[in-house]
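Residues per chain, in single letters:
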Amino acid sequence: MLRKNSCELIVALTLLATVARGQSTPNAIIERGVAMKTRDGVILRADIYRPAGDGRYPVLLQRTPYDKNSIADFAVKAAMRGYLVVVQDVRGRYTSEGDWYPFKNESNDGFDTVEWAADLPNSNGRVGMFGASYVGATQMLAAVGHPPHLAGICPVITGSNYHENWTYQGGAFEQWFNESWTSGLAQDTFNRMVRQSTNALIGSTVVPMTQYPVFNLKLDPGSPDFSRKVAPYFFDWLDHPSYDNYWKQWSLEEEYESIQVPALTIAAWYDIFQEGSLRNFMGLKEHAGTEAARRGQRLLIAIGGHAGGGRKIGDVDFGPHAAEFDVDTVTLDWYDYLLKDEQNEFASRNAVRMFVMGENRWRDEETWPLQRAKATRYFLHSGGKANTVSGDGSLSLEIAKNEAGDSLVYDPVDPVPTVGGPLCCDPDHLPAGPRDQRAVENRPDVLVYSTPPLDEDLEVTGPVLLELYAQSSAADTDFTAKLVDVWPNGFAQNLTEGILRARYRESTNSPKLIKPGTIYGYTIDLWSTSVVFLKGHRIRVEVTSSNFPRFDRNLNTGKEASTDSTIVKATNTIYHDGEHPTAIVLPVVPR
């Protein structure tokens, strides 16, 4: 993981102006808008970047919904390094024909494109795919169909289940991501609609001419009916809050055995798809369709992902080693190893490389999760007044005996605001990543539990869970948890977080309302982290019932916020005593 080679970068940037005009360069032969016909007759278009000079080259393929022009700089660098690069607009996006609907066509279209690319002039028949976020989904879904000429994939910060760790989490709707992502996607759909419906003759007879309709749209762009027209998938997501056949049709976790190629999975702390990336690595390492594919799995866990990149992410400077990661360099190194048989670091290093926060350095591991990590329970304690950071909540290794529970009043009209964390896709309006949580912790509807300052460094690396015992006055409610690193100066750095909608406490496909006043056990998945809590720092857990607008608000009625607007307050009580040992389970790594 080296920084970008400065000379190579300068050359690539110098060529960008020429590339943007669609012209070939001395180092790359560029073809724009090359058509490919899918099995059902839809034309998809791609830009092709070939190395200058004769020869047969391995193919790097990206299929994107975000405009194939956006990858021109990487494509030039890859062509200069001896790859034939194909960048295609997926179905229904930008220059490609057809109708856009997330996930629906990616397996078949991906298969067809891999086989088409393998047969292009100058191709040597070995195809690798690359790219991040939804572009990672296009790789995974193509690999499920195991096209014969696909030799490897490099999915970066992407999901494993498009219900549970993409659209929903713990039964709660990922509102901020789903709405901001949909609004961004719908812009190209809207542009297509305008182009297809614009006809100046329709308004030519209108007087006064100040009333001329610039766009011949029959629907108000601000109306719900218009939203359904440009983004029908968003409303389908709302119509399927449980994990049902709608989601199973393109679930990756049920298809790992269909994937038969090596993969370099790149995840990131603070990324919105962190859990999906880690599950993909673990699932493929265990269940991929061939022994070679299972042995060929690699995992790299960086920091930031959708939350940002570089040395400083959010409010935290992670030091010079954080800035060493460059996804372009890593991608090309991976394919030099996989497609060109170069004996680089991927040939000799362990399967896992990750960034350890706190110490702020990279470390190699044999696998994920770490086998030497020990699940350690830190039990929640208080005298019944853990509300706010000034309350009496504490954490310790000793199990509670006879303690009063802690209550909070959750009002959906005044939810706990989202401050940082794993967010996408509008950082100008809701910044992501590590942010100071002290303002949140001063709210009376947030319960706060902290250790004393640590006497020595303590490493936590792996999955984090909250084993929670709670009751509610409502028929349904949410419970959220956040793991926080408290610095000696009071700065409260969020590390990882989770949520569980009470009716999904047993299963994401079988909701069951709770009985008000009854104590239930809940297991909240906070995903994973790797951090060294330094000497003098505190370990902190926040527990509350909302994290808005990252997640939709539970209205506390048992009904969906997508179809109902009735709101009630809920009094939620957390228990921590001998019969109800509420605890945060941390994977502590011996040092």
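Cut-offs and rules
- Residues numbered from 1 in each chain as written.
- Predicted model: local features only at pLDDT ≥ 70, side-chain atom pairs only at ≥ 80, totals over all residues.
- Heavy atoms only, no water.
- Phe/Tyr/Trp six-rings, centres within 6.5 Å; stacked < 30°, edge-to-face > 60°.
- Helix = DSSP H or I, 4+ residues; strand = E, 2+ residues; numbered from the N terminus.
- Buried < 20%, exposed > 50% of the residue type's maximum accessible area, 1.4 Å probe, protein only.
- Salt bridge = Lys/Arg side-chain N within 4 Å of Asp/Glu carboxyl O.
- pLDDT = per-residue confidence, 0-100.
- Contact = heavy atoms within 4.5 Å.
- Pairing = 2+ DSSP bridges.
- Axes fitted to C-alpha atoms, helices over the stretch in contact; angles between N-to-C directions.
- Expected span 1.5 Å × (residues − 1).
- 1 Å grid on protein atoms, 1.4 Å probe; cavity = no way out; pocket = protein on both sides within 12 Å on 5 of 7 lines; lining within 4 Å.
- Points joined across faces, edges and corners; volume = space filled by probe spheres on them.

1. Points about the packing of aromatic side chains
Here is step 1: Counted according to the given criterion, the structure contains 40 aromatic pairs.
Here is step 2: Taking 5.7 Å as the distance between ring centres and 65° as the angle between the ring planes, the aromatic pair formed by Trp-166 and Trp-181 counts as edge-to-face. One end of the pair, Trp-166, is in helix α5 (residues 163-167); the other, Trp-181, is in helix α6 (residues 175-197), with 15 residues separating them in the sequence. The same class applies to Trp-166 as to Trp-181, namely buried.
Here is step 3: Ring plane angle 15° and centroid distance 5.3 Å describe the contact between Phe-177 and Trp-181, whose orientation is recorded as stacked.

2. Let's talk about the pattern of salt bridges
Here is step 1: With the rule as written, the count across this model stands at 40 salt bridges.
Here is step 2: Of the charged contacts, one joins Asp-336 and Arg-81 as a salt bridge, the two residues approaching to 2.7 Å between their closest N and O atoms. Highlighted residues: Asp-336 in helix α12 (residues 327-340) and Arg-81 in the loop between α2 (72-80) and β4 (84-89), separated in sequence by 255 residues.
Here is step 3: Owing to a relative accessible area of 4%, Asp-336 belongs among the buried residues under this scheme.
Here is step 4: Put simply, Asp-478 and Arg-501 hold a salt bridge, and the shortest N to O gap is 2.8 Å. With Asp-478 in strand β20 (residues 478-486) and Arg-501 in strand β21 (residues 492-501), the pair connects residues that are 23 residues apart, well separated along the chain. Across the pair, Arg-501 and Asp-478 agree in class, each one buried.
Here is step 5: Salt bridges sharing partners connect three or more residues here, namely Glu-359, Arg-361, Arg-363, Glu-365, Arg-372, Glu-459 and Arg-591.

3. What about the confidence of the model for the protein chain?
Here is step 1: For the protein chain, per-residue confidence averages 94 on the pLDDT scale, and 96% of positions sit at 70 or higher.
Here is step 2: Note on residues 1-21: pLDDT under 50 across the span, and 38 contacts to partners over four residues away in sequence or across chains.

4. Let's talk about the sheet that holds strand β1 (residues 28-37)
Here is step 1: As summarised here, the arrangement of the ten strands in space is β1-β2-β4-β3-β5-β6-β9-β10-β13-β14, forming an open sheet in which the pairing is mixed. Each edge of the sheet is formed by a strand with only one pairing partner; in this case those strands are β1 and β14 (361-365). Averaged over all pairs of adjacent strands, the angle between strand axes in this sheet comes to 20°, irrespective of strand direction.
Here is step 2: As paired elements, strand β3 (residues 57-64) and β4 share six bridges and run parallel to each other. Bridge pairing links Val-59 to Leu-84 in β4.
Here is step 3: On the sheet, α2 packs against β1, β2 (43-51), β3, β4 and β5 (123-132) and is oriented at approximately 45° with respect to β2.
Here is step 4: Along the sheet face, helix α3 (residues 106-118) touches β1, β2, β3, β4, β5 and β6 (150-156) and points at about 155° away from the line of β3.

5. Let's talk about the pairing of β20
Here is step 1: Across the nine residues that make up β20, a large majority, nine, are buried.
Here is step 2: Both β20 and β21 contribute to a ladder of nine bridges, which runs antiparallel. Bridging from a neighbouring strand, Ala-481 pairs with Gly-498 of β21.
Here is step 3: Linking β20 back to β21 in an antiparallel pair, the connection comprises five residues, with Gly-490 at a positive phi of about 95°.

6. Notes on the side chain of Thr-451
Here is step 1: Within the element layout of this structure, Thr-451 appears in the loop between β18 (447-450) and β19 (458-472).
Here is step 2: Ignoring any residue separated from it by four or fewer positions in sequence, one finds Thr-451 in contact with Tyr-378, Leu-395, Arg-538 and Ile-539.

7. Some details on helix α10 (residues 274-287)
Here is step 1: With 14 residues, α10 should cover 20 Å at 1.5 Å per step; its first-to-last C-alpha distance of 20 Å lies within 8% of that length.
Here is step 2: Among the residues making up α10, those that are buried are Gln-274, Glu-275, Gly-276, Ser-277, Leu-278, Asn-280, Phe-281, Gly-283 and Leu-284.

8. Topic: empty space enclosed by the protein
Here is step 1: By the definition in use, this model includes five cavities of 30 Å³ or more.
Here is step 2: A volume near 100 Å³ is recorded for the largest cavity.
Here is step 3: Around the largest cavity, the lining comprises 13 residues; the ones closest to its centre are Thr-480, Lys-482, Thr-544, Ser-546 and Asn-547.
Here is step 4: Mapped by element, the contributors of at least two residues to the lining of the largest cavity are β20, β21 and β23 (538-544).

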